[in-house]
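Understanding the architecture of this molecule
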Amino acid sequence: MPDFSAPDSAWIQAALAQARLAQPISAPNPPVGCVIVRDGRLIGQGHTQQAGGPHAEVMAMRDVQARGESLRGATAYVTLEPCSHHGRTPPCADALIREGIARVVVALRDPNPLVAGQGVARLRAAGVVVDEISPNHPDALEAREIKIGFLSRMVRQRPWVRLKVAASLDGRTALDNGVSQWITSPAAREDGQHWRARASAVLTGIGTVLDDNPRLDVRAFETPRQPLRVVLDSRWRMPTDAAMLGTPGGVLVVGLPPTDDAGKSRQSALRDAGAELLESPSGPASGPAHAMGAGAGAAGLAAPMPTQVDLVWLLPELARRGVNELHVEAGARLNGHLIAQGLADEILVYLAPKLLGPGRALAALPPLVGLDGCWQGEIRDLSLVGPDVRMIVRPSGRECF
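Ile 36, Ala 76, Ile 101 and Val 104 are the most contacted members of the largest nonpolar core, which totals 41 residues. At five residues, helix α1 (residues 6-22) tops the list of elements feeding residues into this core. In this structure Val 104 touches Ala 76, Val 78, Pro 82, Leu 96, Leu 123, Val 128, Val 129, Val 130 and Asp 131, once residues within four positions along its chain are discounted. Formed by 30 residues, the second largest nonpolar core is a distinct cluster that contains Leu 278, Leu 311, Leu 314 and Leu 315.

Before going further, it helps to spend a moment on the sheet that holds strand β3 (residues 75-78). Sheet architecture is open: five strands sit in the order β2-β1-β3-β4-β5, paired in mixed fashion. Each end of this open sheet is capped by a strand with a single partner; those strands are β2 (41-47) and β5 (129-132). Each neighbouring strand pair of the sheet contributes to a mean axis angle of 15 degrees, computed without reference to strand direction. Examined bridge by bridge, β3 and strand β4 (residues 103-106) share four bridges and lie parallel to one another.

Inspection of every chain in the model, using the stated rule, returns 25 salt bridges. Between Arg 215 and Asp 217 there is a salt bridge, and its shortest N-O distance comes to 2.7 Å. Note that Glu 317 is salt-bridged to Arg 321, the shortest N-O span being 3.6 Å. The exposure class of Glu 317 is buried, given its relative accessible area of 15%. If you follow the salt bridges from partner to partner, you end up with Glu 145, Arg 162, Arg 198, Glu 325, Glu 346 and Arg 394 in one network.

Another aspect to go through is unusual backbone geometry. In this structure, Pro 28 follows Ala 27 across a cis peptide bond, with omega equal to 10 degrees. The peptide bond linking Gln 181 to Trp 182 adopts the cis configuration, its omega dihedral lying at -5 degrees. By the element assignment, Trp 182 lies in the loop between β7 (172-175) and α7 (186-198). Located in the positive-phi region is Gln 157, a residue other than glycine, with phi close to 60 degrees. Phi angles above zero are rare outside glycine, and Leu 216 is one such case at about 55 degrees.

Conventions we followed
Residues numbered from 1 in each chain as written. Predicted model: local features only at pLDDT ≥ 70, side-chain atom pairs only at ≥ 80, totals over all residues. Heavy atoms only, no water. Core = buried A, V, L, I, M, F, W, Y, C linked by side-chain atoms within 4.5 Å. Buried < 20%, exposed > 50% of the residue type's maximum accessible area, 1.4 Å probe, protein only. Helix = DSSP H or I, 4+ residues; strand = E, 2+ residues; numbered from the N terminus. Contact = heavy atoms within 4.5 Å. Pairing = 2+ DSSP bridges. Axes fitted to C-alpha atoms, helices over the stretch in contact; angles between N-to-C directions. Salt bridge = Lys/Arg side-chain N within 4 Å of Asp/Glu carboxyl O.

Here's what the structure looks like:
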């Protein structure tokens, strides 16, 4: 791999900034950014649009043309390998070749089997100089983080699962009586909306729907795409007048096959109210229990309830529907099951400088007999959001792809 100069890294950083602009809109496509440079001068930039729209390279080339510049002989910095296949749009590699781009700097190879090195190979075969950043370079690692959901779906065939929790310093997400509005500040709540906006889907449980009647949409700012709302509802108890059924964006209710006419009737009513339904096998029937974390033994686990939706089955099913990032806003029981089964890839925690005393925990985990069986995490990001602390915590050893 070549050594990259400071200017190269600066242009890749500019492309990464473009990629972040695509995060709320590009799914199921990856959020990609591209900048085009000639003689050390920016002449065009762009990012991936909504699915079916232009990719980052095409947007950047259009920007060059709109500025009255020439593409021939220029260098393109791209945060993901240009595509080489016909999907909703033509191959970006062909467009770069056709317009006479002389050099392409790629931050990350595309693991999509339809690309997987073919874009780079096509460019080189046409005489374009292609420089790929070393996988361990900080710019490459940052590119992975921006695309972490897409990479998870391509490599693991399941979404990247993020649990979002707002809690007090003593780890309470609500009072004993269920009151939780508001533990964290307006700034933290708005920040949480940005994480919700970049997700392909928001997951919650029927308990949260019955207790709080949330909308789980993005409403703090304008967004062209609302995430799919996914509700785990084993017995199809979701009210047909639930708030999320009356807001833009799809709602997928996941439950067990009904065993009586009443359950079938509730299913029919939910369909009439606009929900899509998905029947799941029961949890224990289709997957072994997973340890809570590195070093946790089977004794530290609570077995899944026999009447719950099979979470191990559900995640690949959501991936098949194009879900890259799954943002979980749920209660302690669902959070606990995701953690205990090893399915939570990271926890996004907002901690308010408050002490609430007795109340509801952020995750319902079983009692341990020793500290060596605990879930162990690593803090990947720590920052202040208004008066609150925001932490991103991942299970020890859990890396992006």
